[in-house]
Amino acid sequence: MPPLPYPADSLEPVIDAETVILHHDRHFKKYVDDLNSQLCLTPPLQSWTLEELLTKALPLSGSQRQLVLTAAGGVYNHGLYFRSMVPGLPKGPGKQLSAAICRNFGDMESLQKQFVRYALSLVGSGWIWLCTDPSGHLRILCTGNQVTVLPTGLCPLFLMDVWEHAYYLKYQNVRQRYAENWFRVLNWEEAEKNYCRFVAR
Ligand code: MN
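As the structure is a computational prediction, the values presented were derived from the model and not from experiment. (Residues numbered from 1 in each chain as written. Predicted model: local features only at pLDDT ≥ 70, side-chain atom pairs only at ≥ 80, totals over all residues. Heavy atoms only, no water.)

Chemist: Explain the coordination of the manganese ion here, please?
Modeler: For the manganese ion, the full set of protein donor atoms is His 23 (NE2), His 78 (NE2), Asp 161 (OD) and His 165 (NE2), at a range of 2.0 to 2.2 Å. In the primary sequence, the donor residues of the manganese ion line up as H-x54-H-x82-D-x3-H. Linking His 23 in helix α1 (residues 17–41) with His 78 in helix α3 (residues 62–83), this pair joins segments that are 55 residues apart in sequence. Like His 78, His 23 is buried. (Donors = N, O, S within 2.8 Å, 3.2 Å for Na, K, Ca; no water. Helix = DSSP H or I, 4+ residues; strand = E, 2+ residues; numbered from the N terminus. Buried < 20%, exposed > 50% of the residue type's maximum accessible area, 1.4 Å probe, protein only.)

So, in structure tokens, the structure goes:
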């Protein structure tokens, strides 16, 4: 279980401490526990990395395969989500990622607008991703439940949780306010690192 990378109240007022604690210590932990339970039943998979579990063919029956994929996806997604945020009015992206955002979206405001539009158009529970392909072309993707983008071969830069448990205590039904405010705690430094690591220059 990866520890929370910052104090629980440090994302306020964007995300309240109670939401952070429930989300990390209960929701995230449940996926870790579920994955461990599943792996206890399947010892050969215990040496696989999280990424391998999510991208390689699992030697399991249909329903058991789905249980492993959901649990592993929940672990991967929440890990990236909590790393995608950082307290203390984060600075914007660095040089490389800034240039990519301008090339692909025009400017930062257009990226944010499109990202929020994706968050609002997702029906039910899921995730909004900013990803890059190996040539540095950026794409916003949306997945339901605990599905990841890893099988596409794209590299995720950051990830917004739009399950209701991510915002409901503070924002109730107003997902738009959560999505717009989320950019104020976005960890651009981490996104830039992910971008530079993946894109061949
Ligand atoms: Mn969640």
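Chemist: How should I be thinking about the sheet that holds strand β3 (residues 155–161) in this particular structure?
Modeler: Strand pairing in a sheet relies on backbone hydrogen bonds, with the paired strands running either antiparallel or parallel. Pairing in this open sheet of 3 strands is antiparallel, and the strands run β2-β1-β3 from one edge to the other. Looking at which strands have only one partner, the edges of the open sheet turn out to be β2 (138–144) and β3. Strand after strand, the sheet turns through a mean of 25° between neighbouring axes, direction not considered. The sheet contact formed by strand β1 (residues 126–132) and β3 spans 6 bridges and is antiparallel. When the bridges of β3 are listed, Trp 127 appears paired with Asp 161. Contacting β1 and β3, α3 crosses the sheet at an angle of about 85° to β3. Helix-sheet contacts for helix α4 (residues 95–105) involve β1, β2 and β3, and the interaxial angle to β2 is about 80°. (Pairing = 2+ DSSP bridges. Axes fitted to C-alpha atoms, helices over the stretch in contact; angles between N-to-C directions. Contact = heavy atoms within 4.5 Å.)

Chemist: Any chance you could explain α4 here in plain terms?
Modeler: Residue pairs three or four apart in sequence face the same way in an α-helix, which turns once every 3.6 residues. Looking at α4, one finds that the buried residues are Leu 97, Ala 100, Ile 101 and Phe 105. Here the buried residues of α4 occupy an arc of 100° about the axis, which is enough to place them on one side. Residues Lys 95 and Arg 103 are exposed on α4 and point more than 90 degrees away from its buried face. On its buried face, α4 sits against α5 (108–121), β1, β2, β3 and α8 (188–198). Positioned one or two residues after α4, Gly 106 has a phi angle of 100°, which is positive. (Arc of directions from axis to C-beta.)

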